Amino acid sequence: MKNTKAHRIGAVTAGIAALTAAVALAAPFAAADVTNNGLTLSGSAYQTGQTYQLSFDGSQFTGASYSVYDNVNNDPTNRVKIADGFTTSAHQQISVNWTPNTVGAHSLWVAIGYLSAATPEPGPVNVTVTQGTSSGSSLTNLLGSLSG
């Protein structure tokens, strides 16, 4: 009886260890955010179709309008407005979502408007975007392959 119980415990322990290893292998590594001149882009290994967060401290621009832009392939004539708004608080953290749909170089920056002039700041954050994948998650694929 002890032998059977020991085998069961050993099998359960081995199963838990295998599942833990599978989860660890499938889990993404910690993101290394990119920051330049007060503009931060969350994540790393940027891909099309994925959403990332851009953020900056709006307190230094209280009462000003702002626009967030993406110069696709670093071409100033290919400028995409991501968001715009108005800073309203002395302690306001501005956060906007960015979902790239074009492969290549991207220069993300903020224009702060004072009256009729616009000063590009903070940023820019320059990143390269690769083609995203549409297949299921790594963990789902790995667990499916383990089950047969």
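Here is what the cut-offs are and how they apply
Residues numbered from 1 in each chain as written. Predicted model: local features only at pLDDT ≥ 70, side-chain atom pairs only at ≥ 80, totals over all residues. Heavy atoms only, no water. Helix = DSSP H or I, 4+ residues; strand = E, 2+ residues; numbered from the N terminus. Buried < 20%, exposed > 50% of the residue type's maximum accessible area, 1.4 Å probe, protein only. Contact = heavy atoms within 4.5 Å. Areas by Shrake-Rupley, 256 points an atom, 1.4 Å probe, with all protein chains shown as cover. Salt bridge = Lys/Arg side-chain N within 4 Å of Asp/Glu carboxyl O. Phe/Tyr/Trp six-rings, centres within 6.5 Å; stacked < 30°, edge-to-face > 60°. pLDDT = per-residue confidence, 0-100.

Q: Explanation requested: the overall build of the protein chain in the structure shown.
A: The helix and strand tally for the protein chain stands at two helices and nine strands. N-terminal to C-terminal, the α/β element order of the protein chain is α-β-β-β-β-β-β-β-β-β-α. Out of the 148 residues belonging to the protein chain, those deemed buried represent 29%. Residue pairs at least 24 apart in sequence account for 60% of intrachain contacts in the protein chain once pairs closer than 6 positions are excluded. If you sum the accessible surface of the protein chain, you get close to 9,200 Å²; carbon and sulfur atoms cover 56% of it.

Q: What is the right way to look at the pattern of salt bridges in this model?
A: Side chains bearing opposite charge may pair, as long as their charged atoms lie close to each other. One pass over the structure, following the stated rule, counts one salt bridge. Among the ionic pairs, Lys-81 bridges to Asp-84, the shortest N-O distance being 3.4 Å. By relative accessible area, Asp-84 is classed as partly exposed at 47%.

Q: Teacher, can you tell me more about the side chain of Asn-71 here?
A: Within the secondary structure, Asn-71 is located in strand β4 (residues 65–72). On the basis of relative accessibility, which here comes to 10%, the residue Asn-71 falls in the buried class. If sequence neighbours within four positions are ignored, Asn-71 has contacts with Pro-76, Asn-78, Arg-79, Ala-105, His-106, Ser-107 and Trp-109.

Q: Help me understand the packing of aromatic side chains, please; the structure alone is not making it clear to me.
A: The description of an aromatic ring pair rests on the distance of the ring centres and on the angle between the ring planes. In total, this model carries four aromatic pairs according to the counting rule given. Relative to Tyr-66, the ring of Phe-56 has its centre 5.6 Å away and its plane inclined at 80°; by these criteria the two rings are edge-to-face. Taken together, the residues Phe-56 in strand β3 (residues 52–57) and Tyr-66 in strand β4 connect sequence positions 10 residues apart. Exposure remark for Tyr-66: the relative accessible area of 10% places this residue in the buried category. In textbook terms, an aromatic cluster arises when at least three aromatic residues are bridged by ring pairs, as seen for Tyr-46, Tyr-52 and Trp-98.

Q: Please explain the confidence of the model for the protein chain as it appears in this structure.
A: Of the residues in the protein chain, 64% have a pLDDT of 70 or more, and the chain-wide mean is 75. In the model, residues 15–30 has pLDDT below 50 throughout and makes seven contacts with residues more than four positions away in sequence or in other chains. Contacts of residues 136–148 to residues separated by more than four positions or lying in other chains number nine contacts, the stretch itself having pLDDT below 50.

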